[in-house]
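# Descriptive analysis of the structure
Spelled out from the first residue to the last, the chains are:
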Amino acid sequence: MNVEHPAPSTETTMTAGDGRPDMSNSNVREDLAMTGRCALVHLPTGRTCLLPLRHQGPCEFHRPQEAQDMVDGG
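Below you will find a few notes about this structure. Since the structure is predicted, the reported quantities are computational estimates derived from the model, not experimental observations.

Reading the values: the criteria
- Residues numbered from 1 in each chain as written.
- Predicted model: local features only at pLDDT ≥ 70, side-chain atom pairs only at ≥ 80, totals over all residues.
- Heavy atoms only, no water.
- Helix = DSSP H or I, 4+ residues; strand = E, 2+ residues; numbered from the N terminus.
- Buried < 20%, exposed > 50% of the residue type's maximum accessible area, 1.4 Å probe, protein only.
- Contact = heavy atoms within 4.5 Å.
- Areas by Shrake-Rupley, 256 points an atom, 1.4 Å probe, with all protein chains shown as cover.
- Core = buried A, V, L, I, M, F, W, Y, C linked by side-chain atoms within 4.5 Å.
- Salt bridge = Lys/Arg side-chain N within 4 Å of Asp/Glu carboxyl O.

It is worth spelling out the overall build of the protein chain at this point. Looking only at helices and strands, one finds 2 helices and 3 strands in the protein chain. When the elements of the protein chain are put in sequence order from the N terminus, they spell out α-β-β-β-α. Per-residue burial over the protein chain gives 22% buried out of 74 residues. Expressed as a percentage of contacts within the protein chain between residues at least 6 apart in sequence, the contacts between residues at least 24 apart total 14%. On the protein chain, roughly 5,400 Å² of surface is accessible, and the fraction owed to carbon and sulfur atoms is 53%.

Structure, rendered in C-alpha cells:
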C-alpha cells in the first residue's frame, strides 16, 4: 500500500444505519426488511419470505397479499 495506490476498502455500504446492506438489492422488499423480516422476493413469482432476518434453513415464500398484510400490521 502506498499513497498513489491505497489498499482497497473492505467497508460494506449500509443503508439507513440499519446494518442491512441487502436493502439496496432489488430482490429485497424494503418495507418488510424494516420490520425485521428476511423480505427476500422470488422475482419470477413475486412471492416474499416472511421469516425473521437471518433465519436458518431455506426461505418460505408467501403470496404478495400475505406480505402486504404483514406490512399493514395484519
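Read on for the rest.
With that settled, the discussion passes to the nonpolar core. Judged by nonpolar contacts, Met23, Val28, Leu32, Ala33, Ala39, Leu50 and Ala67 together constitute the single largest core of 7 residues. Excluding anything up to four places from it in sequence, Leu50 contacts Leu32, Arg37, Glu60, His62, Glu66, Ala67 and Met70.

Turning next to the pattern of salt bridges. Per the counting criterion, the structure on display carries 2 salt bridges. With a shortest N-O distance of 2.7 Å, Asp31 and Arg29 are connected by a salt bridge. Classification of Asp31 by relative accessible area gives partly exposed; the value is 31%. The class for Arg29 is buried, based on a relative accessible area of 18%. With its nearest N and O atoms 3.8 Å apart, the salt bridge here joins Glu66 to Arg63.

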